[in-house]
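# Observations on the three-dimensional arrangement
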Amino acid sequence: SYFKDNKFKIIVTTYNPGLQFIKKCLNSISQQKYTNYEVCIIDDCSTRDVNRLKEYIIKYCKENNWKYIFNTENLGMINSFINGVEFLNCDNNDILISVDGDDELFNENVLTLLNNKYDYKTLLTFGNMISVEDNEYDFTEHKCNRDWDYISNNKLFRDENWHYSHLKTFRYKLFKEINKDDLKRDNKYVKSATDRALMYPMLEMAGNKFKCISCLLYTSDAADEED
């Protein structure tokens with residue numbers, strides 16, 4: 001193997017996350033053992049606990065030298081994510097990571113594992129998460145046992161069930177090739193089915209240069225996840 005030192009850009013988009021959830025989310029990022037990363041937190045005009053939320057985000061960002069944006073209107077996840085990416089001033093090979101503000105990275109080794117998975121060819125990864133709802137844990141161990149070459153060669157991503165969930169990561173050079181007009185309706189970025197809107201075009205452009213990661217990388221509040 002060879003030494004890899006990938007640069008990660010983590011974009012946390014959040015709307016009314018609840019203080020206890022945003023704290024767990026940001027702690028899960030700051031505790032990563034692999035440290036070559038930058039973070040931008042975008043609050044999408046939250047309406048609950050606004051002052052304490054802002055206070056906490058600003059304090060956390062100052063302590064960790066992270067960036068933040070507070071939207072003055074609710075723009076939706078995609079618009080917020082794009083703004084965060086632009087704010088972090090990415091190079092082509094930087095790896096973008098999408099995290100919801102009420103979710104968290106599974107453990108302190110997530111970035112270490114991703115760094116090992118990303119060779120020079122890899123453009124995108126998705127994988128397994130735990131959904132926590134009513135204290136029940138659920139994830140799909142066999143999700144990655146598919147004929148990905150066949151699916152990719154025949155552009156069948158949109159015909160399959162949805163498999164392309166957290167943790168979602170992709171190189172900036174792939175993300176920037178998305179036609180942003182395809183993400184809009186009536187000249188505004190779509191606010192529903194945002195996972196699909198972002199992942200399908202990138203999967204189709206990536207050819208077979210993507211990886212499904214079978215081990216757990218992400219913990220999600222199931223209530224806000226798409227199936």
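For the structure, check the block above.
For every chain, the first residue of its written sequence is number 1, and the numbers climb from 1 along that sequence. With the structure being a predicted model, the display of local features is reserved for residues of pLDDT at least 70 and the display and counting of side-chain atom pairs for 80 or more, all residues being used for whole-chain, interface and lining totals. Values shown for side chains rest on all heavy atoms present in the structure; no hydrogens or waters enter the calculation.

### Some details on the overall build of the protein chain
The secondary structure content of the protein chain amounts to seven helices and 11 strands. To get the radius of gyration, use the C-alpha atoms; to get the globule rule, take the number of residues to the power 0.38 and multiply by 2.2 Å. Scaling as 2.2 N^0.38, a compact globule of 227 residues should have a C-alpha radius of gyration of about 17 Å, and the protein chain matches this with 17 Å. C-alpha atoms of the protein chain, sized along the principal axes, occupy 50 × 45 × 40 Å. The buried label applies to any residue whose accessible area, calculated with a 1.4 Å probe on protein chains only, is under 20% of its type's maximum; exposed applies above 50%, and partly exposed to all values in between. Buried residues in the protein chain amount to 51% of all 227 residues. The secondary structure listing takes helices from DSSP runs of H or I that are at least 4 residues long and strands from runs of E that are at least 2 residues long, numbered from the N terminus.

### Considering the pattern of salt bridges
Think of a salt bridge as a Lys or Arg side-chain nitrogen and an Asp or Glu carboxyl oxygen that are within 4 Å of each other. Taken as a whole and assessed by the stated rule, the structure comprises 11 salt bridges. With its nearest N and O atoms 3.0 Å apart, the salt bridge here joins Glu 38 to Lys 7. Residue Glu 38 is found in strand β2 (residues 37-43), and its partner Lys 7 is found in the segment before β1 (8-14); the two are separated by 31 residues along the sequence. Close ionic contact of Lys 33 with Glu 108 constitutes a salt bridge, the shortest N to O distance being 3.3 Å.

### A few points about the nonpolar core
Ranked by size, the top nonpolar core spans 36 residues in total, and within it Tyr 164 and Phe 175 carry the most contacts. Secondary-structure elements contributing two or more residues to this core are β2, α3 (77-87), β6 (124-133), α5 (148-153), α6 (172-175), α7 (194-205) and β11 (210-221). Excluding residues within four positions of it along the chain, Phe 175 makes contact with Phe 81, Ile 82, Val 85, Leu 96, Phe 170, Lys 180, Leu 198 and Met 202. Put simply, buried Ala, Val, Leu, Ile, Met, Phe, Trp, Tyr and Cys residues joined by side-chain atoms within 4.5 Å make one nonpolar core. Within the second largest apolar cluster, 32 residues are counted, among which are Ile 10, Leu 19, Leu 111 and Met 129. Only heavy atoms matter for contacts: two residues are in contact if any of them lie within 4.5 Å across the pair.

### Examining the pairing of β11
Here strand β5 (residues 104-105) pairs with β11 via two bridges, running antiparallel. Considered in β11, the bridge of Leu 105 is made with Tyr 218. When β6 meets β11, the two strands line up parallel, connected through nine bridges. Residue pairing for β11: Met 129 is matched across the bridge by Tyr 218. Two strands pair if DSSP finds at least two bridges between them.

### Observations concerning the pairing of β6
The buried fraction of β6 amounts to eight of the 10 residues, a majority that puts the element mostly inside the structure. Bridge analysis of β6 against strand β8 (residues 168-171) gives two bridges, and the strand direction is antiparallel. For Leu 124, the partnering residue across the bridge sits in β8 and is Phe 170.

### A look at the packing of aromatic side chains
When two rings of Phe, Tyr or Trp (its six-membered ring) have centres within 6.5 Å they constitute a pair, described as stacked for plane angles under 30 degrees, edge-to-face for angles over 60, and tilted for the intermediate range. Counted according to the given criterion, the structure contains 17 aromatic pairs. On the basis of an interplanar angle of 80° and a centroid distance of 5.6 Å, the ring pair of Phe 8 and Tyr 34 is categorised as edge-to-face. You can see Phe 8 sitting in strand β1 and its partner Tyr 34 sitting in the loop between α1 (19-30) and β2, a full 26 residues away along the chain. Between the aromatic rings of Tyr 60 and Trp 66, the centroid separation amounts to 5.4 Å while the plane-to-plane angle is 40°, which identifies the pairing as tilted. Judged on exposure class, the residue Tyr 60 and its partner Trp 66 are both buried. By way of ring pairs, the aromatic residues Phe 126, Trp 148, Phe 157, Trp 162, Tyr 164, Tyr 200 and Phe 210 are connected into one cluster. By definition here, charges over rings are those cases where NZ of Lys or CZ of Arg is within 6 Å of the ring centre and within 35 degrees of the ring normal. Between Lys 180 and the ring centre of Phe 175, over which it is positioned, the NZ or CZ distance is 4.8 Å.

### A few points about unusual backbone geometry
With glycine set apart, most residues show a phi of negative sign, and most peptide bonds adopt trans. Omega for the peptide link from His 166 to Leu 167 comes to 5°, which places this bond in the cis form. For Leu 167, the position within the fold is in the loop between α5 and β8. A positive phi angle is found at Asp 186, which is not glycine, with a value near 50°. Within the fold, Asp 186 resides in the loop between β9 (184-185) and β10 (188-189). Take Asp 186: its relative accessible area is 78%, and that puts it in the exposed class. The backbone phi angle of Ala 193 is positive, close to 50°, even though this residue is not glycine. Inspection of the secondary structure assignment puts Ala 193 in the loop between β10 and α7.

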